[in-house]
Amino acid sequence: MLKNWFRLEQYSTSIKQELLAGVVSFFTIVYIVVINASILADAGIPFEAGVIATVLSSFVGCFLMGLWSNTPIILVPGMGVNALFVYTIVKMMGLSWQEALAAVSISGIIFMAVAFTRLSDFIMKAIPNSLKEATTVGIGIFLTFIGLQKGGIVVANKTTFVSLGNLSSPQVIVTVITLMLTLVLFVRGVSGHFLISMACGTVIALLFDLVDLKEVHPTNLPLKSYWNVFAHLSLAKWTSLIFWIATFSLAMVVVFENIGLVHGYVQLLNRPDARARILQANAISVVSCGLFGTSPTVSTVETVAGITVGGRTGLTAITTGCLFLVSLLIIPYIKLIPDSAIAPVLILIGGLMIQSIQNIDFKDLTEGLPAFFIIVLIPFTYSIVDGIAFGFIAYPLLKLALGRKNEVAKPLYFIATLFLLSLILH
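Just so we're clear, the structure is a prediction, and the values are computed from it rather than from any experiment.

Caption draft 1: Representation of the overall build of the protein in the model. Each helix and strand in the protein was counted, giving 19 helices and four strands. Its C-alpha atoms give the protein a radius of gyration of 21 Å, within 12% of the compact-globule value 22 Å for 426 residues. For the protein, with 426 residues in total, the buried portion stands at 57%. The contacts of the protein with a sequence gap of at least 6 include a subset with a gap of at least 24, amounting to 79%. Accessible surface computed for the protein: about 18300 Å², of which carbon and sulfur atoms make up 68%.

Caption draft 2: Spatial organisation of the packing of aromatic side chains. The tally for this structure, following the rule as stated, stands at eleven aromatic pairs. Summarising the aromatic geometry, the rings of F243 and W244 are spaced 5.4 Å apart at their centres and angled 85° between planes, so their arrangement reads as edge-to-face. Among the residues examined, W244 registers a relative accessible area of 29% and is labelled partly exposed. Taking the centre distance of 6.0 Å and the plane angle of 50° together, the rings of F372 and F373 count as tilted. Overall, the relative accessible area of 30% leaves F373 in the partly exposed class.

Caption draft 3: Expanded view of the pairing of strand β3 (residues 161-164). Of the strand pairs in this sheet, strand β2 (residues 154-157) and β3 are connected by four bridges, and their pairing is antiparallel. Bridging across to β3, V154 finds its partner in L164. Between the antiparallel neighbours β2 and β3 lie three residues.

Caption draft 4: A look at helix α17 (residues 365-381). In this model, α17 (17 residues) spans 23 Å end to end at C-alpha, consistent with the 24 Å of a helix rising 1.5 Å per residue. Buried within α17 we find T366, E367, G368, P370, A371, I374, I375, V376, L377, I378 and P379. Here the buried face of α17 lies against α8 (129-150) and α18 (384-401). In the segment just after α17, Y382 is the residue with positive phi, at about 60°.

Caption draft 5: Here's a closer look at the pattern of salt bridges. Applying the stated criterion across every chain, the model contains six salt bridges. For the salt bridge of D339 with K150, the shortest nitrogen-to-oxygen distance reads 3.7 Å. In this pair, D339 sits in helix α16 (residues 339-353) while K150 sits in helix α8, placing the two residues 189 residues apart along the sequence. A residue is classified by how much of its surface remains accessible, and K150, at 11% relative accessible area, is buried. The residue E367 makes a salt bridge to K399 at a minimum N-O spacing of 3.0 Å. With a gap of 32 residues between them, E367 in helix α17 and K399 in helix α18 connect regions that are remote in the sequence. Through salt bridges that share partners, D364, E367, K399, R404 and E407 make up one connected network.

Caption draft 6: Summary view of unusual backbone geometry. One non-glycine residue, S12, adopts positive backbone phi at about 50°. Topologically, S12 is positioned in the loop between α1 (2-5) and α2 (15-29). Classification of S12 as exposed rests on a relative accessible area of 62%. The phi angle at N270 is positive, at roughly 55°, despite the residue not being glycine. Within the secondary structure, N270 sits in the loop between α12 (241-269) and α13 (275-292).

Caption draft 7: Molecular detail of the layout of surface pockets. Quantified by volume, the second largest pocket comes out at close to 470 Å³. Tallied by class, the residues present in the lining of the second largest pocket amount to 17 nonpolar, two polar and no charged.

Caption draft 8: Expanded view of the nonpolar core. Counting residues in each nonpolar core, the largest one holds 110 residues, and the members touching the most others are F392 and F419. A total of 14 residues in this core trace back to one element, the largest contributor, which is α12. Counting residues in each nonpolar core, the second largest holds five residues, with V174, I204, A205 and L336 among its members.

Caption draft 9: Representation of the side chain of S130 in the model. For S130, the location among the structural elements is in helix α8. Residue S130 is classed as buried on the basis of its relative accessible area, which comes to 5%. At 2.6 Å, the side chain of S130 forms a polar contact with the side chain of E367. Excluding its chain neighbours within four sequence positions, the residues that come into contact with S130 are I360, E367, A371 and Y395.

Caption draft 10: Seen up close, α16. Helix length check: α16, at 15 residues, gives a terminal C-alpha distance of 21 Å against a target of 21 Å (1.5 Å per residue), a fit within 8%. With twelve of 15 residues buried, α16 lies mostly within the body of the structure. Next to the buried residues of α16 lie α2, α8, α9 (170-187), α10 (193-207) and α14 (303-308).

Rules used in this analysis
- Residues numbered from 1 in each chain as written.
- Predicted model: local features only at pLDDT ≥ 70, side-chain atom pairs only at ≥ 80, totals over all residues.
- Heavy atoms only, no water.
- Helix = DSSP H or I, 4+ residues; strand = E, 2+ residues; numbered from the N terminus.
- Rg over C-alpha atoms; globule rule 2.2 N^0.38 Å.
- Buried < 20%, exposed > 50% of the residue type's maximum accessible area, 1.4 Å probe, protein only.
- Contact = heavy atoms within 4.5 Å.
- Areas by Shrake-Rupley, 256 points an atom, 1.4 Å probe, with all protein chains shown as cover.
- Phe/Tyr/Trp six-rings, centres within 6.5 Å; stacked < 30°, edge-to-face > 60°.
- Pairing = 2+ DSSP bridges.
- Expected span 1.5 Å × (residues − 1).
- Salt bridge = Lys/Arg side-chain N within 4 Å of Asp/Glu carboxyl O.
- 1 Å grid on protein atoms, 1.4 Å probe; cavity = no way out; pocket = protein on both sides within 12 Å on 5 of 7 lines; lining within 4 Å.
- Points joined across faces, edges and corners; volume = space filled by probe spheres on them.
- Nonpolar A, V, L, I, M, F, W, Y, C, P; charged D, E, K, R; others polar.
- Core = buried A, V, L, I, M, F, W, Y, C linked by side-chain atoms within 4.5 Å.
- Polar contact = N/O pair within 3.5 Å; in protein donor to acceptor, adjacent residues only side chain to side chain.

On their own, these measurements won't tell you what the molecule is for.
Next up, the structure:
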């Protein structure tokens, strides 16, 4: 039944391969449960309730994606957009977290208006290939940068912003050893290479005393705290300008960040026919986030981990979603997996994604420079949507400067203007 439902033979995969890919995807992204909850706490949402909200929104998002689009893309509350939700909309604009959740759901409805109409195709056709390819490359470098940080290989520096970490520290040594193991397993094509490397990395970290088994403290689910968050969105300020600025800011981020991410995924999967359904599932998921009590979900970059190990259908996404639900019971144990075991996987995946740079014509500066801005600014601003914004603004400007306005699709001028307004408001 599963083979027929998910068309496993058509996509040259198997139940075992899909389940394995789902497990790998889960372990590369499960950190979001604790991190997103801690960020939401800054908006006033209780940490325990934030954990449950993150898990439920991820579970529903992955299920929607798996059943509706039959792709291995996983949906979780996005890093970056959660910061926009908390620190800009709640802290700076002054909305309560309940009002901000209402803005999330309405931004999802706007996203649905794009995803379920020809607007999504209209937008995709308006975006030049150089900017699409650059987005994939930029996300790859971003993913590598996150991995290097998690592994302690790159650290913050007051003078140079970033610098090489302490190569003699146990964290870096374990990261490097695990990275070498990951590379060997990957190039040799060992089945389950990422999962094996994470398991071995955790054991190695245990030997270096980087994992403390005494930190495991099983806890009960704080459902009472969560009921004070679930479906508590408020439209009290729906008539105010601030509310709609917040709503459209969220809509801009979720629409264009996901369009950029989805382009890279359909290339990896060779499934351009699935693009519309991917965006539709994503949009419905964002609407549900306001009810569950979290910032919007996005097609996360860690999805590539599952694709890389052979995930090809929605069974991968559903497996990941089910594991998120189970994680409510085993979060104390999942937290034992150290960053040094996850970092090598992110570093390698980022390295694989930058191959798209070969498709960018850097000899034509009107194509190459906007692409360059996207590639460098996604990791340097630590924001996918901000990096995309600079490239989308630069593209029509350079074309106009050289009298080549006919090479720019008219909708791109409108999109560039929206990005410019977004940057100004941000």
